[in-house]
Amino acid sequence: MSADAVQAIKVKVDEYLAKVPVVNEQVEKIAHKLKVEKAYVAVSIVAVVFLLIVLIGGGDIVLDAIGFLYPAYCSIKAIESNNKDDDTQWLTYWLVFGLFKVVESVADFLISSIPFYFLIKLAFLVYLFLPQTQGAKVVYDNVIKVHLVPHLGITASSGKKSD
């Protein structure tokens, strides 16, 4: 990382801290005692909190946040937009995500023995929600639609609603 990039991050952190005076004062006190810049203190605090969450929650909290927070934000944007395609994309994501969580909880005893499962799950969740990959649609079309939908008695004409 170049010095310019570090400087830009420090400026952004300082700008953010200036917006929250209560936190800014405390960070300044700590920075003064440690004789370091307050941006370094703020980033260090965030990093320590993040590491504690990962260590205490075993990473599941972080993974669930990744699989939930960004998609929730995008879902709200989709609901508020006039475009129905993004509504379908995020509804499909939530269906696949929900089924994934159910399968994951049932098969936990098997999953816990898979090496690097944390990274595999992270990659899968990102694949599902990225608009560029349309991963949730791929999983729906190739797995859910083929293997689950026929057993539910839903056909294209009876299952789809018209707007």
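Source: prediction; values computed, not measured.

Chemist: Now, about the overall build of the protein chain: what can you tell me, with residues and values included?
Modeler: When helices and strands are tallied, the protein chain shows nine helices and zero strands. Its C-alpha atoms give the protein chain principal-axis dimensions of roughly 70 × 45 × 30 Å. Within the protein chain, buried positions represent 25% of all 163 residues. Looking at the protein chain alone, contacts between residues at least 24 apart form 52% of all its contacts between residues at least 6 apart. Approximately 11,800 Å² of the protein chain is accessible, and the part contributed by carbon and sulfur atoms is 69%. Seen as two clouds, the 15 positive and the 16 negative side-chain charges of the protein chain have centres 2 Å apart.

Chemist: So what about empty space enclosed by the protein? Which residues, and what values?
Modeler: One pass over the full model with this rule turns up one cavity of 30 Å³ or more. Its volume calculated, the largest cavity comes out at about 40 Å³. Every residue lining the largest cavity is listed: Gln-89, Thr-92, Leu-128, Gln-134, Gly-135, Ala-136 and Lys-137. Elements with a minimum of two residues in the lining of the largest cavity: α5 (84-106) and α8 (135-147). A per-element tally of the lining of the largest cavity places α8 first, with three residues. Taken together, the residues of the lining of the largest cavity break down into two nonpolar, four polar and one charged.

Chemist: Tell me what's going on with helix α4 (residues 60-80), and back it up with residues and numbers.
Modeler: In this model, α4 (21 residues) spans 30 Å end to end at C-alpha, consistent with the 30 Å of a helix rising 1.5 Å per residue. Those residues of α4 that fall on the buried side of the exposure criterion are Val-62, Leu-63, Gly-67, Pro-71, Ala-72, Cys-74, Ser-75 and Ala-78.

Chemist: I'd love a proper account of a nonpolar patch on the surface, names of residues and values included.
Modeler: Taken together, the side chains of Ile-30, Leu-34, Val-36, Tyr-40, Ile-45, Val-49, Ile-53 and Ile-61 make up a nonpolar region of the molecular surface, amounting to roughly 670 Å² of accessible area. Secondary structure elements with two or more residues in the nonpolar patch: α2 (21-34) and α3 (38-57). The biggest single contributor to the nonpolar patch is α3, with four residues. With respect to the element layout, Ile-53 can be found in helix α3.

Chemist: Describe the layout of surface pockets, and please don't skip the residues or the numbers.
Modeler: As a volume, the second largest pocket reaches approximately 160 Å³. Lining the second largest pocket, in full, are Val-96, Leu-99, Phe-100, Val-103, Phe-124, Val-139, Val-143 and Ile-144. Looking at the lining of the second largest pocket, the elements that each hand over two or more residues are α5 and α8. When residues in the lining of the second largest pocket are grouped by element, the largest group, four residues, is from α5.

Chemist: How would you summarise the environment of Phe-100 if you had to cite specific residues and measurements?
Modeler: Considering the arrangement of structural elements, one finds Phe-100 in helix α5. Judged by its relative accessible area of 18%, Phe-100 falls in the buried class. Considered as a pair, Phe-100 and Asn-83 are 17 residues apart in the sequence and their alpha carbons are 27 Å apart. Leave out the neighbours within four places in its chain, and Phe-100 touches Tyr-117, Lys-121, Phe-124 and Leu-125.

Reading the values: rules and limits
Residues numbered from 1 in each chain as written. Predicted model: local features only at pLDDT ≥ 70, side-chain atom pairs only at ≥ 80, totals over all residues. Heavy atoms only, no water. Helix = DSSP H or I, 4+ residues; strand = E, 2+ residues; numbered from the N terminus. Buried < 20%, exposed > 50% of the residue type's maximum accessible area, 1.4 Å probe, protein only. Contact = heavy atoms within 4.5 Å. Areas by Shrake-Rupley, 256 points an atom, 1.4 Å probe, with all protein chains shown as cover. Lys, Arg positive; Asp, Glu negative; His and termini not counted. Charge placed at Lys NZ, Arg CZ, Asp CG, Glu CD. 1 Å grid on protein atoms, 1.4 Å probe; cavity = no way out; pocket = protein on both sides within 12 Å on 5 of 7 lines; lining within 4 Å. Points joined across faces, edges and corners; volume = space filled by probe spheres on them. Nonpolar A, V, L, I, M, F, W, Y, C, P; charged D, E, K, R; others polar. Expected span 1.5 Å × (residues − 1). Patch = residues over 30% accessible without salt bridge, like charges linked within 9 Å, V, L, I, M, F, W, Y side chains within 5 Å. Salt bridge = Lys/Arg side-chain N within 4 Å of Asp/Glu carboxyl O.

Just geometry here; none of it tells us what the structure is for.
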